[in-house]
Amino acid sequence: MNAREGALKVLYEVEVDNAYSNIALNKELKDKPYSAKDRGFMTELVYGVLENLIMIDNVIEQFSSIKLKKINAYTLILLRLAIYQILYLDKIPPSAAVNESVNLSKIYCKRSSGFINGILRNMLRQKENIKIPDEKKDFVGYLSVTYSHPKWMIEEFLKFFDPVFTKELLKANNQKPELNVRVNTLKISVEEAIKALNNSGFDVVQNAFISEGLTIKGDKNLFELEALKEGLIYIQDFGSMLIGKIVDPKENDFVIDVCSAPGGKTTHMAQLMNNKGNIIARDVYDHKLKLIEKNAKALGIKIIKTEKFDGKVLDKSLIEKADKVLVDAPCSGLGIIRRKPEIKYRKRPDDIKEITSLQLKILKNASMYVKPGGSLVYSTCTIDPRENAEVIDQFLKDSSEYQQVNIGEVYKNMIPGNHKDTIQLYPNIHHTDGFFISKLIKRV
Ligand SMILES: C[S@@+](CC[C@H](N)C(=O)[O-])C[C@H]1O[C@@H](n2cnc3c(N)ncnc32)[C@H](O)[C@@H]1O
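Per an unreviewed UniProt entry, the protein goes by 16S rRNA (cytosine(967)-C(5))-methyltransferase and derives from Alkaliphilus peptidifermentans DSM 18978. The UniProt entry for the protein carries the following text under Sequence similarities (unreviewed entry): "Belongs to the class I-like SAM-binding methyltransferase superfamily. RsmB/NOP family." The heading Subcellular location (unreviewed entry) in the UniProt record of the protein holds the text "Cytoplasm".

This is how it looks when you write it as structure tokens:
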């Protein structure tokens, strides 16, 4: 099987089975002995198609006599794969992109070969005539097609951000995130980890503010990283690492992480506690709790106890027991579009209203577990203020025993932007995922 066929299978799972792109892709890459070159190309094809889907479908609509919705999934994906290569990958000769899709159609959707060939050849002849909405006459339509985000999402963004910022944000959402890893200082020092990675041929840069955070440079295959298998490093975005830092757990603290799977922040906190103390790591899904246990085991962490527990329910046995509580709430995920581009097409405007009441409920319950003098951190991976500052404002209205810490001031050297009490990271400014963080102290 070659890279294009692998990409076809992954994109089919995303399109038809609603799979997450990263999970479907990792599964395909793990299962089969693809060459390093094919792995890279397949990843590029999967993300490239999903990132540019509205633009690509706009092209198909212009050249197809059949409505997009009526085209069967394999045919549609083969068209998308070829058009992505033709429009975005200079290194691929257009004829190769067309031929490969037509050849694959003979296996996956035999009756469509002529249809695919016709559309692609026609498009190649008229590439210069592809129409996109006029930026001046239809700004939202223009952004929607150019940066492949649904119109409703852009309209929402334009309520919160100015047009220049919005454009930069949409552009950044289609860019590949850098590869950040956290050194597991329970097993190896940062200096030793850097040396070990260098010796294996990886160039790394240490983060200026998070000493255990490294960026791995270049297009390297993750699966080659021995350090990853041995639990010496853990893949984690710097924005996510910042949350563990802001919780700031100490040795022998009792910490509760109410929405913890797959455990990125839980395991970081255990590391910051030097593997001493207690962490209860909760989530509503059993299979996700298993991921935390697997990660903790690989990292040599012993202080995490996983529990299946719904954050909407108040656990009376934990009232005022914890030194620190983290609510890394379920959210719309609008800050991690770079990692899961399908989020753009799956979310609906009403999802956001629905999720804010869940966030507030989980936060209110979690706030009960904090000891007087203890702290509560609320974070999300979204840039939508309704899920962030508005949830905190509402919480503070109802919870006078809490006071917000001005973390924007504490981290102002590290995080450019106009932060007040809270921190909002943006992919277009901070080159991290779009995390929101608020820290609250319970009065004594
Ligand atoms: C943003 S993710 C957490 C990421 C995690 N903190 C990390 O750093 O790896 C949110 C988690 O909340 C969980 N979740 C969703 N609804 C929940 C609920 N009602 N109670 C507890 N957890 C919930 C989801 O399963 C998901 O794993």
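Additional details are given in the paragraphs that follow.
S.K.: Now, about the site of the ligand: what can you tell me, with residues and values included?
M.R.: Neighbouring residues of the ligand: 21 residues in total, closest Cys-259, Gly-264, Lys-265, Gly-311 and Asp-328. For the shell around the ligand, the secondary-structure elements that each account for two or more residues are α14 (264-272) and β6 (278-283). Residue classes in the shell around the ligand are distributed as 9 nonpolar, 5 polar and 7 charged.

S.K.: So what about the domain arrangement of the protein? Which residues, and what values?
M.R.: Per the domain assignment, the segments of the protein are domain 1 (3-129), domain 2 (139-173), domain 3 (179-235) and domain 4 (238-442). Distance between the C-alpha centres of domain 1 and domain 2: 25 Å. Of the residues forming the side of domain 1 that touches domain 2, the biggest block, 4 residues, is contributed by helix α4 (residues 53-63). The residue makeup of the side of domain 1 that touches domain 2, split by class, is 3 nonpolar, 2 polar and 1 charged.

S.K.: So what's going on with the sheet that holds strand β2 (residues 203-206)? Which residues, and what values?
M.R.: Read from one edge of the open sheet, 4 strands run β2-β3-β1-β4, paired in antiparallel fashion. Of all strands in the sheet, those bounded by a partner on one side alone are β2 and β4 (233-235). Adjacent strand axes in the sheet meet at a mean angle of 35° when their direction is disregarded. Across 4 bridges, the pairing between strand β1 (residues 179-183) and strand β3 (residues 213-217) is antiparallel. Considered in β3, the bridge of Asn-180 is made with Thr-215.

S.K.: Explain the packing of helix α8 (residues 139-147) against helix α9 (residues 151-160) to me, using residue names and the numbers behind them.
M.R.: Axis separation between α8 and α9 bottoms out at 9 Å; the angle between their running directions is 120°. In this view, α8 runs oblique relative to α9, as classed from their interaxial angle. Relative to α9, α8 is oriented so that their crossing is right-handed. Residues Val-140, Gly-141, Leu-143 and Ser-144 of α8 touch α9, and the partners they reach there are Lys-151, Ile-154 and Glu-155. Considering only residue class, the contact of α8 with α9 consists of 3 nonpolar, 2 polar and 2 charged.

S.K.: Which residues make up the nonpolar core, and what values go with them?
M.R.: Counting 74 residues, the largest nonpolar core has Ile-279, Ile-304, Val-325, Val-327, Ala-366 and Ile-437 as the members making the most contacts within it. The leading source of residues in this core is helix α13 (residues 238-247), at 5 residues. Among the nonpolar cores identified, the runner-up in size contains 39 residues, and Leu-53, Leu-79, Ala-82 and Ile-119 belong to it.

S.K.: Account for the UniProt feature "binding site: S-adenosyl-L-methionine" (unreviewed entry) in the protein, with residues named and values stated.
M.R.: Under the feature "binding site: S-adenosyl-L-methionine" (unreviewed entry), the UniProt entry names Cys-259, Ser-260, Ala-261, Pro-262, Gly-263, Gly-264, Lys-265, Asp-283, Asp-310 and Asp-328. You can see Cys-259 is positioned in the loop between β5 (254-257) and α14. Once you skip the residues sitting within four places of it in the chain, Cys-259 turns out to touch Asp-283, Gly-311, Val-327, Asp-328, Ala-329, Pro-330 and Ile-362. On the secondary structure map, Asp-283 appears in strand β6. Since 25 C-beta atoms lie within 10 Å of it, Asp-283 is described here as buried.

Cut-offs applied
- Residues numbered from 1 in each chain as written.
- Predicted model: local features only at pLDDT ≥ 70, side-chain atom pairs only at ≥ 80, totals over all residues.
- UniProt positions renumbered as here; feature names shortened; annotations may be inferred.
- Near = placed C-beta within 6 Å.
- Helix = DSSP H or I, 4+ residues; strand = E, 2+ residues; numbered from the N terminus.
- Nonpolar A, V, L, I, M, F, W, Y, C, P; charged D, E, K, R; others polar.
- Domains from an automatic or database assignment.
- Pairing = 2+ DSSP bridges.
- Axes fitted to C-alpha atoms, helices over the stretch in contact; angles between N-to-C directions.
- Parallel < 35°, antiparallel > 145°, perpendicular 65-115°, else oblique.
- Left-handed = near helix turned anticlockwise from the far one by under 90°.
- Contact = placed C-beta atoms within 7 Å.
- Core = buried A, V, L, I, M, F, W, Y, C linked by C-beta atoms within 7 Å.
- Buried ≥ 20, exposed ≤ 12 C-beta atoms within 10 Å, placed from the backbone.

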